[in-house]
Amino acid sequence: MLIVLLILLPLICAGLIVFNPKGQAKYIATGATLVSVVIGAIALIQFDFSQAALDQMVVKAPWVPALGLELSLAVDSVSLLLIALTVLLGPICVIGSFTAVKHDVKTYYAWLLVLQSAMIGVFAARDLVLFYICFEFTLIPMYILISLYGSANRKKAATKFFLYTFTGSVIALAGFVYVVWFHASLEGNSWTFDLAALGESARMMEPAQQGWILLALLSGFAVKVPLFPVHTWLPLAHTEAPTAGSVILAGVLLKLGTYGIYKFALPYAPEAVVEYAPLIGVLSVVGIVYAGLICWVQTDVKKLVAYSSVSHLGFCVLGLVAINSVGVAGSVMYMISHGFSTGALFLMIGMMYERYHTRSMREVGGLGSTMPVWSSFMVFFVMASVGLPGLNGFVSEIMCLMGTFQSYGWTGEGGAHPGGTLGVLGPWFAFFAGTGMIVAAMYLLIMTGKMVWGKYREPEGHHEHDELPTDLNAREIGLLIPLAAGCLIFGLYPKPLLNAIEAPVNETVAYYEGLVPVPELEAGMTTVANEGDHDTEHGEGDH
Amino acid sequence: MLTDVMNSLPMLTLAAADGAKGSGPLIESWAAAPGWVLLIPLLPLLAAVLNVGCAIAGVKTKLPAVITIVSLAAAFVLTALAYLSFSGETRIVTGWSWFDLSWGDGPGQSMKADFGFYIDNLSLLWMLFVTGLATLIATYASEYMEHDVGQGYNRFFFAFALFVFSMSCLVLGDNLLMLYLGWEGVGLCSYLLIGYFYKKPEAVAAAKKAFIVNRIGDLGLAIGVFLTFVHFGTLEYAELFSSEQLAGYIDAVKAGNAGDVPLMAQLIPVFLMIGAFGKSAQFPLYVWLPDAMEGPTPVSALIHAATMVTAGVYLIARFYPVFLVSEWALPVVAWIGAFTAFLAATIGMAQFDIKRIMAYSTVSQLGYMFAGLALLSSTGGVFHVLTHAFFKALLFLCCGAVMHGFAGQLDLRKLSGLWSQPGWRVVSVGMLIGCINLAGVPFTAGYFSKDMILAEAFVTQGPGYGLIGWLLLLTAGMTAYYTFRVFFRVFVGPVRYEPGDDDHGSSDHDHEHDQSDAHGHDGHAHTDHAQHPFHPHPPRLAINGVLATLSVLAVLAAGLYFVTPENKGWVGSMLKDSTAAQVYFDGESDHPTRAGLFLIDGDAHHRDHAHADDHADHGEHAAHGSFLGFDPHKVMYYVSAIVGAIGIGFAAWAHGPRGAVSGFLGDRTEAATSRMDAVARSFGPIPKWAEHKWYVDEFYHFLFRAPLWVLSHIFHAIDKLLVDGLVNLIGYVPRAFGRLAQPGQSGVLHGYALSMAGGVAVILLVVMMVAG
């Protein structure tokens, strides 16, 4: 019931906002999101993490029984944690918009709340149609937020965002329809849209069929992630979106793509994933480096962070297609931690923008001397984003890379590599993705160098904001503190999260057992330790 | 049980019986283990947190310095207690579980890393000088940074304390990820502190450069970590060093079957060393360290001379067994170390900024440490880390006192005769003590530690190791020269000085004051005003006290050489129970070739020489290295003393004082010129090239940064025109089609609703068809 409440509460409050003549929109929205946080916390407490892989808090209601349609909601630990992230970002987005949104306030907050419901619906849906409807429905509020409340180029950005992701999703729909049809034909025309049941059938498809399914699903989800080369909507949308829009976009909406890959592509088409993982891996690695280098030459700070999302999400997808526990778990961690650090960066840029009305690093910078509090937080979140150990970014990034590195036919004769797993990626993928860590340091520190350090610069004709002090006010600091605390806690003590996602991740990875061929080239590699007589081995060493 | 395992490591009876099954029994419970050891890293962390509190509360006193000094001193006392109560038994104290993910029950099927601390003699040795020096330097900084009280003071001591915490994690961490945490943590603090004067563009650039260059090394380290995990299935030291696998490799090497060690295992140290080269500023990743001198001098002393930059040496010492089983790892380290030592010394000889000279000297000395470890003198290498920490910190702090007193003046051409200045005697004596140590004057600590490395360079057999010995010896002479060049120029001779750019604020902290615009003009303004009397302000109690203490410690460090001579000094006695145990102690009769690498003491005599001969590429001449026919161990004391004397003598001749000895040592009346100028001219453009650091920075710029920069712009253009352009083109087709079909209607939402309905219709249609 908690999940239903989480979905319904924002919707009801959105209705309240629209029909309340007194126009207390922002207070209603704040209340709704804060209550959601409490409900989310209760859900976390009630969830039985010892059975993390099982769907819990199941709510099922008949919808169109003739077609096997059900309103089916449930969460496993991964879904629940992503819902928790969504719910946590809710009040931050609402409260963060208090001074930024000046016109059509009602519409703004109402759509923000609707968006939250839709996102929670995506994560909680266990019925394909419900999932798809929620998935697509997130587009509408986001479209409106960008096109009504964005900056100069907002119409174009909103339209592009909409059409681009929508086109991808329609192709994904075709894939889903095929899976449903396949299931029905397999089960003698008994229809269902239950995700788990569909997955079981999908895995029985021929590799070629799975390939088509994977292609279809990826066209929907890769656009959303966004994976290179279908990423170009993102920088535009991010740059033009209002702050809260960017935070949600980076924090949650992009994760719909990776969540989709995790929840559908990986379990539905394992054989195809094994076959195409190198290709997806190459795209991810190219995206990491390519987008990272593009960040380096940006002058628009918001665009820089937007491109950095493309680069970062490359790690996330790489971890997923590594299809071993470390990689997939790292990827799930990435979905959560990226929401904190990049969400915070967008929030901070928004705070700066409200004061200086420019995003150009040529016009504004050196804020360390005038905005020490803002600058301290900025350095902190940059470090989280750069993947400094002890903060959240590191945990997920190192695991994605480690998983990628491991994902190779290491296990030679006699188990010479106990830490290796089967897989189709390997050291080179990890190495080239790893260069992304260097590139990330380059562009993020250059951004810090311009925005925080150096001589103070302000745009011409700058005057103090009426409502806002030079440095951050208590409200703004209050928004950043939970995010900062999250970065720190998940960086220093990620164990509870790792334990929570371990079971579902292992379950997903289990679909891949026996699918990955053992490469021949490792067969000659033997371990000295396992050989009793070294002399007989002499000369067989590998060099 | 752990004792057995760890003690046996150097003895190579690596017990397969105990401990090898898993880490379970190795991890002591809180009650059994000295849990208070956790306070050693946590106290500095607490100080950092409190300093953040000070910043929030807007403290305008020296409170953050007091907090930092007290907590660091407490950490030092605890470290000393841990050392005194240490039983020789490696202990693991676990704070909390950090990474924990498993996907099976087998070995290597879980990724585990705790916030755990590995207490053995090696880590204790490092922690002793890290916390000790940090306490002293924090005391020094409390006075040095006093111009910034209420401004950057809180920030400075926050980063300072955080640095000590990170360094503790690096050194004490019981697994590779903890090491990585400390590794990047110290990098962050280094970044924050180099960029401390953040209004100076050079400081910001230097900070950025340090972080990014270090990141390159970190990638190597990360790959080393991945390889270690894949190959050994664990990230924890205790499991790694007691693993049957590693024991097997050691046995193989011992038996002369070095080729049996798989490629993977041989590659691990190669990648780890890339990380070490980044953090410890070795070629080709050394370029960040000289620029790091933009930070406040106490930072240069602590982080960029004494502690952080030795992290790479620590890494190799900690992973010594892993390095030893690799055929190429140690020779590469030896060559890189020796080459870096030489290269940095050539640059150091041609610099005029005394802090830069010390920076290049640090790079050079770090090269010695690497060479020492690589030439199988782990005791010498680590001993040099220890002695260098003291005397180099001392030298930096003396330079800092000069800089502080002369308004940021660091140019040795503009300073002279400080010895005779009232109030500068402590600094001068401290400088002299630092210089004789660095130059390797007999019976100083630096002499003994460098000597051990030099002797081993001629003894150990390896690819071109003889040449390394000569290179290191030559570098020793150059070191003596550039060290005393500074001393003779700045501290003796006629009393002359020009204040630096920071005259009126009379410190290098001016950039902190509100003169962001004025700074550019300052330099010129005050050289014009040089006529008006400038009064250098000599250091006061805190700085002088610290300098005196460090001077005494630097002198006393020599005594460590005579503690337990059978182990080659106190350091040897510390190392022999750790992973960095000297692989042989019987230096007189047997010398290691690859096959005999692990021979120690009595074992050496049982060695079958035939094994050595099997591996012709590792030493075809008699397994005994020699120095011009003499035993290097015996003659190196004299040789290095002579080489050092030549260097000092040359410095005295070229830059020496006038007066009683002027007839003998040469005359120097001007601070700005010296006899060396004529000599330098005779070398043609070479001194100029050396002054410009052989244009390595420019070379890197053109080789890496510029192409990447161009590539980035190309990518940006491609992204806009091609990738996005294609999308726009595709997007245009249906839109054009749509306009054709529905003139006047281009409402996107409308279109969406239509498509949505279409989608549902498709589903329904399929449903009908199949169901029907």
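This is a predicted model, so every value here is computed, not measured. (Residues numbered from 1 in each chain as written. Chains lettered and ligands numbered in written order. Predicted model: local features only at pLDDT ≥ 70, side-chain atom pairs only at ≥ 80, totals over all residues. Heavy atoms only, no water.)

### Focus: the overall build of chain B
Along the backbone of chain B there are 31 helices and 4 strands. About 26500 Å² of surface is accessible on chain B, with carbon and sulfur atoms providing 68% of the total. (Helix = DSSP H or I, 4+ residues; strand = E, 2+ residues; numbered from the N terminus. Areas by Shrake-Rupley, 256 points an atom, 1.4 Å probe, with all protein chains shown as cover.)

### Thoughts on the overall build of chain A
When helices and strands are tallied, chain A shows 20 helices and 2 strands. Taken over the C-alpha trace, chain A has a radius of gyration of 24 Å; the compact-globule value for 543 residues is 24 Å, and the two agree within 12%. Considered along the principal axes of its C-alpha atoms, chain A spans approximately 80 × 65 × 40 Å. Evaluated residue by residue, chain A yields a buried proportion of 68% over its 543 residues. Long-range contacts, defined here as pairs at least 24 residues apart, represent 78% of the contacts in chain A between residues at least 6 apart. For chain A, the distance from the average position of its 24 positive side-chain charges to the average position of its 37 negative side-chain charges is 20 Å. (Rg over C-alpha atoms; globule rule 2.2 N^0.38 Å. Buried < 20%, exposed > 50% of the residue type's maximum accessible area, 1.4 Å probe, protein only. Contact = heavy atoms within 4.5 Å. Lys, Arg positive; Asp, Glu negative; His and termini not counted. Charge placed at Lys NZ, Arg CZ, Asp CG, Glu CD.)

### Concerning the packing of aromatic side chains
Two aromatic rings are characterised by how far apart their centres lie and by the angle between their planes. In the structure shown here, the tally under the stated rule is 74 aromatic pairs over all chains. Aromatic pair F406 of chain B and Y497 of chain B: ring centres 5.1 Å apart, planes at 65 degrees, arrangement edge-to-face. One end of the pair, F406 of chain B, is in the loop between α17 (378-405) and β3 (415-416); the other, Y497 of chain B, is in strand β4 (residues 496-497), with 91 residues separating them in the sequence. An aromatic cluster is present here, built from F131, Y132, F135, F176, F221, F264 and Y268 of chain A joined pairwise through their rings. For the cation-ring pair, K450 of chain B lies above Y368 of chain B, with the distance from its terminal atom to the ring centre recorded as 5.2 Å. Here the basic side chain of R705 of chain B rests over the ring of W709 of chain B, its NZ or CZ set 5.4 Å away from the ring centre. (Phe/Tyr/Trp six-rings, centres within 6.5 Å; stacked < 30°, edge-to-face > 60°. Lys NZ or Arg CZ within 6 Å of the ring centre and 35° of its normal.)

### Regarding the environment of L193 of chain B
Residue and element names in this part refer to chain B. With respect to the helices and strands, the residue L193 is situated in helix α6 (residues 176-194). Residue class for L193 comes out buried when judged on its relative accessible area of 0%. Here the alpha-carbon distance between L193 and S300, two residues 107 residues apart in the chain, equals 9.1 Å.

### Looking at the interface of chain A and chain B
Each partner contributes to the interface: chain A provides 92 residues, whereas chain B provides 80 residues. Carbon and sulfur atoms supply 75% of the area buried between chain A and chain B, which totals about 8000 Å² over both sides. Of all residues in chain A, the largest losses of buried area upon contact with chain B belong to W296, M402 and W453 of chain A, amounting jointly to 8% of the total for that side. There are 2 salt bridges connecting chain A and chain B. D724 of chain B serves as the salt-bridge partner of K160 of chain A, at 2.3 Å between the closest nitrogen and oxygen. No other element matches helix α17 (residues 427-451) of chain A, which puts 11 residues into the side of chain A that touches chain B. Here the side of chain A that touches chain B is built from residues that sort into 54 nonpolar, 30 polar and 8 charged. (Buried area = accessible area lost by both parts, 1.4 Å probe. Salt bridge = Lys/Arg side-chain N within 4 Å of Asp/Glu carboxyl O. Nonpolar A, V, L, I, M, F, W, Y, C, P; charged D, E, K, R; others polar.)

### Structural notes on the pairing of strand β1 (residues 91-102) of chain B
All names here are of chain B. Within β1, 9 of the 12 residues are buried, which leaves the element mostly enclosed by the surrounding structure. Relative to strand β2 (residues 110-119), β1 runs antiparallel, the two being bridged by 10 bridges. Within β2, the position partnered with T94 by the bridge is G116. (Pairing = 2+ DSSP bridges.)

### Here's the deal with a nonpolar patch on the surface
On the surface, W709, V710, L711, I714, I718, L721 and L722 of chain B cluster together into a nonpolar patch covering about 630 Å² of accessible area. Positionally, L722 of chain B belongs in helix α30 (residues 696-741). (Patch = residues over 30% accessible without salt bridge, like charges linked within 9 Å, V, L, I, M, F, W, Y side chains within 5 Å.)

### What about helix α13 (residues 311-318) of chain B?
With 8 of 8 residues buried, α13 of chain B lies mostly within the body of the structure. Burial in α13 of chain B covers these residues: A311, G312, V313, Y314, L315, I316, A317 and R318 of chain B.

### As for the nonpolar core
Counting residues in hydrophobic clusters, the biggest one holds 470 residues, and the most contacted among them are W374 of chain A together with F99, W126 and L472 of chain B. Apart from residues no more than four positions distant in its own chain, W374 of chain A is found in contact with M348, M351, M352, L367, M451, V452, D471 and L472 of chain A. (Core = buried A, V, L, I, M, F, W, Y, C linked by side-chain atoms within 4.5 Å.)

### A word on the environment of A430 of chain A
Residue and element names in this part refer to chain A. Residue placement: A430 occurs in helix α17. Relative accessible area serves as the criterion here: at 1%, A430 is assigned to the buried category. Each C-alpha atom, one on A430 and one on V285, is 8.6 Å from the other, the two residues being 145 residues apart in sequence. Not counting residues within four places of it along the chain, the set of residues in contact with A430 comprises L401, T404 and F405.

### Re the side chain of H716 of chain B
Mapped onto the fold, H716 of chain B is located in helix α30. Leave out the neighbours within four places in its chain, and H716 of chain B touches I294, V297 and Q298 of chain A.

### Some points on the confidence of the model for chain B
The predicted coordinates should not be examined in detail at positions where pLDDT is low. Residue and element names in this part refer to chain B. For chain B, per-residue confidence averages 79 on the pLDDT scale, and 78% of positions sit at 70 or higher. Scored below 50 in pLDDT, residues 585-596 makes 43 contacts in the model with residues more than four places away or belonging to other chains. The low-confidence segment residues 598-623 (pLDDT under 50) makes 49 contacts with residues lying over four places distant or belonging to another chain. Interface confidence in the predicted complex, given as ipTM, is 0.91; pTM for the same model is 0.88. (pLDDT = per-residue confidence, 0-100.)

### Let's talk about the pairing of strand β2 (residues 69-75) of chain A
Put simply, side chains in a regular strand alternate between the two faces of the sheet. Residue and element names in this part refer to chain A. β2 sits mainly inside the fold: 5 of its 7 residues count as buried. As paired strands, strand β1 (residues 56-64) and β2 are joined by 6 bridges and run antiparallel to one another. If you follow P62 over to β2, its bridge partner there is E70. Count of turn residues in the β1/β2 antiparallel hairpin: 4 residues, of which G68 carries a positive phi of about 75 degrees.

### Quick word on the packing of helix α10 (residues 233-240) of chain A against helix α11 (residues 243-268) of chain A
Residue and element names in this part refer to chain A. Where α10 meets α11, the closest approach of the two axes is 8 Å, and the angle between their N-to-C directions is 140 degrees. Between α10 and α11, the interaxial angle falls into the category oblique. For the pair formed by α10 and α11, the contact residues are W233, L234, A237 and H238 on the first element and S246, L249, A250 and L254 on the second. (Axes fitted to C-alpha atoms, helices over the stretch in contact; angles between N-to-C directions. Parallel < 35°, antiparallel > 145°, perpendicular 65-115°, else oblique.)

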